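Fold and geometry: a report
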Amino acid sequence: MPTLIVLRHAKAVAGFGTADIDRVLADRGRRDAAAAGEWLRANGLVPGRVLCSPAARTRETLDLLAVDAGVSYEPGIYDNDPDGLLALVGETPDDAGTLLLVGHNPSVHQLVHDLTGQAPDAFPTCALAVVDLPDAWRDVRPGAGTLRTVRTPKG
């Protein structure tokens, strides 16, 4: 059974005068991202493959997770379209048992809702959702997943 981990990037600096794609993490974001990586390892949720937005804040979040997996930086994730995210997930090779997607709100929050029919009311920075899927990646579709757990930095 494939497992999808959907992660919103950690807290970024405001970025006044900086292009949105170039915004980096704030101190709190760096701490939260490292803690999320520890949580993933402690719960046996180390991904075999990662899809990550090319934005600086998502790349930095991924680096601080310290997971050892093949990474594909996908410009479509930055486009913030939940249907596009679903399509990317569906292209995952069958040998990837656990996939981590690092992206942006509101699309990551919407993806969790679309896949499971449920999602938390809020999906703050560095929140993650673990979604179990019953079939192969290519068969992923709205309503097919089960929300196993949600983790936020404050709870």
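Look up a bit, the structure's there.
Residues numbered from 1 in each chain as written. Predicted model: local features only at pLDDT ≥ 70, side-chain atom pairs only at ≥ 80, totals over all residues. Heavy atoms only, no water.

This next bit is on the sheet that holds strand E3 (residues 70-73). Here we have 6 strands laid out as an open sheet, ordered E3-E2-E4-E1-E5-E6, and mixed in their pairing. If you trace the sheet from one side to the other, it starts and ends with E3 and strand E6 (146-151), each paired once. When the angles between neighbouring strand axes are averaged without regard to direction, this sheet yields 20°. Pairing between strand E2 (residues 49-52) and strand E4 (residues 98-103): 4 bridges, direction parallel. From the neighbouring strand, Arg49 faces E4, where its bridge partner is Leu99. Sitting on the sheet, helix H1 (residues 27-42) is in contact with strand E1 (3-8), strand E5 (128-132) and E6, with an inclination near 135° to E6. Packed on one face of the sheet, helix H4 (residues 82-90) meets E1, E2 and E4 and runs near 150° to E4. (Pairing = 2+ DSSP bridges. Helix = DSSP H or I, 4+ residues; strand = E, 2+ residues; numbered from the N terminus. Axes fitted to C-alpha atoms, helices over the stretch in contact; angles between N-to-C directions. Contact = heavy atoms within 4.5 Å.)

The next subject is the nonpolar core. Ranked by size, the top nonpolar core spans 23 residues in total, and within it Leu4, Val89, Leu101, Leu111, Leu115, Leu133 and Trp137 carry the most contacts. Taken together, the elements giving at least two residues each to this core come down to E1, H4, E4, helix H5 (107-116) and E5. Those residues within four positions of Leu111 in sequence are excluded, and the remaining contacts are Leu4, Val6, Pro82, Leu85, Leu86 and Leu101. Counting residues in hydrophobic clusters, the runner-up holds 19 residues, among them Ile5, Ala33, Ala36 and Val50. (Core = buried A, V, L, I, M, F, W, Y, C linked by side-chain atoms within 4.5 Å. Buried < 20%, exposed > 50% of the residue type's maximum accessible area, 1.4 Å probe, protein only.)

Right, let's talk about the environment of Phe123 for a bit. Tracing the chain through its elements places Phe123 in the loop between H5 and E5. On the basis of relative accessible area, Phe123 is assigned to the buried category, the value being 3%. Taking the C-alpha atoms as reference, Phe123 lies 13 Å from Ile5; in sequence the two are 118 residues apart. Once residues within four sequence positions are removed from consideration, Phe123 is found in contact with Val6, Arg8, Asn105, Val108, His109, Val112, Leu128 and Ala129.

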